[in-house]
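Read off the chains here:
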Amino acid sequence: MSVASPCISVCTIDEPTGFCRGCKRTVQEVGMWLYMNDAEKTKVLETLRHRQLSTET
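A brief look at the structure comes next.

Rules and cut-offs
Residues numbered from 1 in each chain as written. Predicted model: local features only at pLDDT ≥ 70, side-chain atom pairs only at ≥ 80, totals over all residues. Heavy atoms only, no water. Helix = DSSP H or I, 4+ residues; strand = E, 2+ residues; numbered from the N terminus. Buried < 20%, exposed > 50% of the residue type's maximum accessible area, 1.4 Å probe, protein only. Core = buried A, V, L, I, M, F, W, Y, C linked by side-chain atoms within 4.5 Å. Contact = heavy atoms within 4.5 Å. Lys, Arg positive; Asp, Glu negative; His and termini not counted. Salt bridge = Lys/Arg side-chain N within 4 Å of Asp/Glu carboxyl O. Patch = residues over 30% accessible without salt bridge, like charges linked within 9 Å, V, L, I, M, F, W, Y side chains within 5 Å. Areas by Shrake-Rupley, 256 points an atom, 1.4 Å probe, with all protein chains shown as cover.

### Observations concerning unusual backbone geometry
Step number 1: Phi is positive for serine 9, close to 60 degrees, though the residue is something other than glycine.
Step number 2: Its location among the elements puts serine 9 in the segment before strand E1 (13–14).
Step number 3: Among the residues examined, serine 9 registers a relative accessible area of 64% and is labelled exposed.
Step number 4: The phi dihedral of lysine 24 falls on the positive side, at around 75 degrees, and the residue is not glycine.
Step number 5: The topology assignment puts lysine 24 in the loop between strand E2 (19–20) and helix H1 (27–32).
Step number 6: When its relative accessible area of 16% is taken as the criterion, lysine 24 is described as buried.

### Looking at the nonpolar core
For soluble globular proteins, the rule of thumb is that nonpolar side chains tend to be buried together.
Step number 1: Residues Val3, Trp33, Met36, Val44 and Leu48 constitute the largest nonpolar core, which totals 5 residues.
Step number 2: If we skip the residues at most four places from it in the chain, valine 3 touches Trp33, Asp38, Lys41, Thr42 and Leu45.

### Regarding the side chain of lysine 41
Step number 1: Looking at where lysine 41 falls in the secondary structure, it is placed in helix H2 (residues 38–56).
Step number 2: Buried charge without a partner: lysine 41 forms no salt bridge, and the closest opposite charge is aspartate 38, 4.7 Å away.
Step number 3: Among all residues touching lysine 41, those that are not within four sequence positions of it are Ser2, Val3, Trp33 and Met36.

### What about a nonpolar patch on the surface?
Step number 1: Together, Met32, Leu34 and Tyr35 line one region of the surface with nonpolar side chains, adding up to about 410 Å² of accessible area.
Step number 2: Along the chain, leucine 34 turns up in the loop between H1 and H2.
Step number 3: A residue is classified by how much of its surface remains accessible, and leucine 34, at 73% relative accessible area, is exposed.

Note that every value here comes from positions in space, so none of it alone points to a role or purpose.
Shown next, in the form of structure tokens:
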């Protein structure tokens, strides 16, 4: 099973945080996504959930 990308096609980097405004990944995470295995992708997705919560407040 392949882990789907969290990209929502809102691809701009928020300068203060360094995160994509759409998916909250870093430039490095976006660039490495195709090379990550499913376990690594799942770990990134978990990290994104925490980022989303911390940037909403």
